[in-house]
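Letter by letter, the chains look like this.
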Amino acid sequence: MKVLKFGGSSVATPARIRSVIEILNPYLKDNPAVVFSAFGGVTDTLISLSSSALQGEIGYKDQLLELEKRHLEAVRELIGIQKQSRIIAQVKFTFNELEDVLHGVYLVKERTLRTLDYIMSFGERLSAYIISEAIKDQNIKAEFLDARKVVRTDNHFGYARVDFDTTNKQIQNYFAAHKDLQIITGFIGASESGETTTIGRSGSDYTASIFAAALKAESLEIWTDVDGMMTADPRKVKKSFTVTEMTYNEAMELSHFGAKVIFPATMQPAMINQIPICIKNTFNPTFAGTVISEKSTGKNLIIKGISSMDKISLLSIQGSGLVGVVGVSMRLFGTLAKESISVILISQASSEHSICFAIESAKAKQAKTAIEKEFQYEIRSREMDEVKVEASLSIVAIVGENMKHNPGTSGRMFSALGRSGININAIAQGSSELNISAVIHEQDIAKALNVLHEAFFLSDRKVLNLFLVGTGLIGKSLLNMIQKQFHQLARQSQLEIHVVGIANTKKMLFNEDGLPFEQAIDQMKTSGDEMNLNAFMGTMIALNLSNSIFVDCTSSEEVTGFYESILSSNISIVTPNKKANSGSYEKYQQLKSAARKRGVKFLFETNVGAGLPVINTLNDLLISGDQVIGIEAVLSGTLNYIFSSYKKGDKFSDVVKVAKDKGYTEPDPRDDLNGMDVARKILILSREAGLALELGDVEVENLVPQDCRDEMDVDSFFEKLSKHNDTFEKLRGDAESKNEKLRYMAVLENGKTKIRLGSVDNQHPFYSLSGSDNIILLTTERYHERPMVIRGPGAGSEVTAAGVFADIIRIGNYVNV
């Protein structure tokens, strides 16, 4: 036979009860026993009613009437009219009994644990009785069994202990005499003197396990509202999934560390008798669920689950007086036992200089006081320090019997946590290698669960969470690229990219589950909040998501002011914005240092040459031991277009105007002609090559004539520029006479940088440059005779976005390591 148990959520409404009866139909041929909890929420309501009565609040009577109405409505919906009167009378009689008890509490202002147990028992007694009658109304032979008839306990009210010898005999004798389907009350029993008791939290599950063990059942099925034991809490880890099989020990460990699907007490009777426990979902009855048994397959899973406990405090005692002293641990934990304080985790250094342990935060003050009293002489003589208490902590634990067969499990765990900037306060692992636990800050628990879940269950797939600021041409192009490549990245590179936050100068929008790429900008504009950089950064940091990347597609110096705090919050940065790396050298170093210290990436390949692989190539050369001798480069796609297009008969001002009309220049072309954009780029390359230069150290030839530099509108600028056409024509003509071409070049040589307009002959690599292309010559110790040449489009939203996208993927490959 099988024993089934249905929880409160499974029988919360008449409709759900009908579904349960349908689930039971296939089992009837094997004559199962079925245990029921109270209707969903009823136990809490009963406790609330009794608390109101205890406080002298007459309103408890209205609550009681509502509760009675709920049960009577269930009778009317589940049972035919001709059979209702007897059942309604019985339900009313039971509520009269409950009313009398509550009235007594109201009068005497006293509610003992004995009384509370009796009050709470009404939930299961009413639900099991009504359900048994509903089943009988379906022409199924069934009996209502009040578990108090057979489950014998001591009189420890609130958490009574079961007398298994007596209980097992009584259950066996009862079932020998009653062959019909038994509908059993969960949660309750009776003492030797016949007083009602309850058997602790998750008592109905425990009841079912007790009956399964006594009857030597084939299996125990716990029907609840989830698909089984999950790899992690699905509320915190969206990609958690059901584990099909696990051992009793694995389930015990997971339940101890917070998995609420099943509790250790439930498993003990079934575990002793090696009865498999199956966790099933009432709302998804065809799903296989989880089978918990003595042995489990699933050899492909190193661990079976990740669990956590919140509201933990870590207490530490240390001092030279503890070293080598026998009995310290006995005194410490004996003191805690006297105070009825349960220790969740213990960690002790081999030097015996310190012991730390984790307990519930609510007990921390009590524990500190008790320990300091016990060790008052050692503290007074300074052989031991005062007890140190760290609050606002959580425990995260990975559990699985296969850990013992897989070296490197702990390394994978701590590496994953460390890479995400999650600090570990204490560690514990038993010699059985069934569980590794770590104490971390409470604010990091959701991030830790997701990081570990990725590391152990989704190691082939990584989720990158992007926060994009700047939705202009580059930002839009980036979103389009991610959308087009999304499925291919997932399939080939095992990367999944989510845009969690997006902002422009006016609006910002967040969605932790990810915004749709094609609609993200429109959604931001229509339903986003007013943009505030401090608020955006605060939200991004507070979300504390694993594998977070901040993408800055602006040219704003204000945004770069947040870079250091972003990196220090373990968030990587990808940006084409040159302002941060071309600011002060000290700031540049601080950003690089913050990234190294936190183990995150600060990538800015698109600072120079748009999508060209300039900075990465330079870094690869340096890392492999090469040294830079010099750099010669054309780094402005705008200026290269202008001078490549400038032919005999053209007026220089007209060429610049055409470039502006085609979108190659900034809105004010002087921002290109003054050379400062090129200066920032060569400065960044110089710094990456190892030189400690400032922007002021770059010698720049400003191509904007002196009288064009004053404040004026663009039309006025072009009018004044036209007066200098002869000057530029002379430069062009002189170059042409030597069969050379004008190029605006940046040069790093002998530790100094210079930017100038010069001419090159047809043997020079710059001679054939056309359009908006950039070109960079890297002269190094290895590439001395023939410099390395990097050439290609150096401007444009598409190629820049592609470079940004490549940096994002590069980070994804880094976190995949």
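Residues numbered from 1 in each chain as written. Predicted model: local features only at pLDDT ≥ 70, side-chain atom pairs only at ≥ 80, totals over all residues. Heavy atoms only, no water.

A. Just helix H4 (residues 81-108), in detail. Along its 28 residues, H4 runs 41 Å from first to last C-alpha, staying within 8% of the 40 Å computed at 1.5 Å per residue. The sharpest bend along H4 reaches about 25° and sits at isoleucine 87. Taken as a whole, H4 has its buried residues at Gln84, Ile87, Ile88, Val91, Thr94, Phe95, Leu98, Val101, Leu102, Val105 and Tyr106. Contact partners of the buried residues in H4: helix H2 (42-54), helix H3 (60-78) and helix H5 (113-136). Positioned one or two residues after H4, lysine 109 has a phi angle of 55°, which is positive. (Helix = DSSP H or I, 4+ residues; strand = E, 2+ residues; numbered from the N terminus. Expected span 1.5 Å × (residues − 1). Bend = angle between axes of the 7 residues up to and from the residue. Buried < 20%, exposed > 50% of the residue type's maximum accessible area, 1.4 Å probe, protein only. Contact = heavy atoms within 4.5 Å.)

B. Main features of the environment of valine 614. Among the secondary structure elements, valine 614 is positioned in the loop between strand E24 (602-603) and helix H21 (615-623). Residue classification places valine 614 among the buried residues on the basis of a relative accessible area of 1%. Counting along the chain gives 107 residues from valine 614 to leucine 721, while the straight-line C-alpha distance between them is 34 Å. Look past the residues within four positions of valine 614 in its chain and what remains in contact with it is Glu605, Val608, Leu685, Ile776 and Ile790.

C. A look at the packing of aromatic side chains. Counted under the stated rule, the structure contains 21 aromatic pairs. For the ring pair phenylalanine 6 and phenylalanine 36, a centre distance of 5.6 Å and an interplane angle of 20° mean the geometry is stacked. Separated by 30 residues along the polypeptide, phenylalanine 6 in strand E1 (residues 2-6) and phenylalanine 36 in strand E2 (residues 33-36) bring together distant segments of the chain. Classification of phenylalanine 6 by relative accessible area gives buried; the value is 0%. On the basis of relative accessible area, phenylalanine 36 is assigned to the buried category, the value being 0%. The interplanar angle of 75° and the centroid separation of 5.3 Å between the aromatic rings of tyrosine 118 and phenylalanine 122 together place this pair among those described as edge-to-face. Taken as a pair, tyrosine 118 and phenylalanine 122 lie in helix H5 at a separation of four residues, close to a single helical turn. Ring-pair connections join several aromatic residues into one group, and the members of that group are Phe550, Tyr563, Phe602 and Phe604. Note that lysine 741 overlies the ring of tyrosine 767, its terminal NZ or CZ placed 4.6 Å from the centroid. (Phe/Tyr/Trp six-rings, centres within 6.5 Å; stacked < 30°, edge-to-face > 60°. Lys NZ or Arg CZ within 6 Å of the ring centre and 35° of its normal.)

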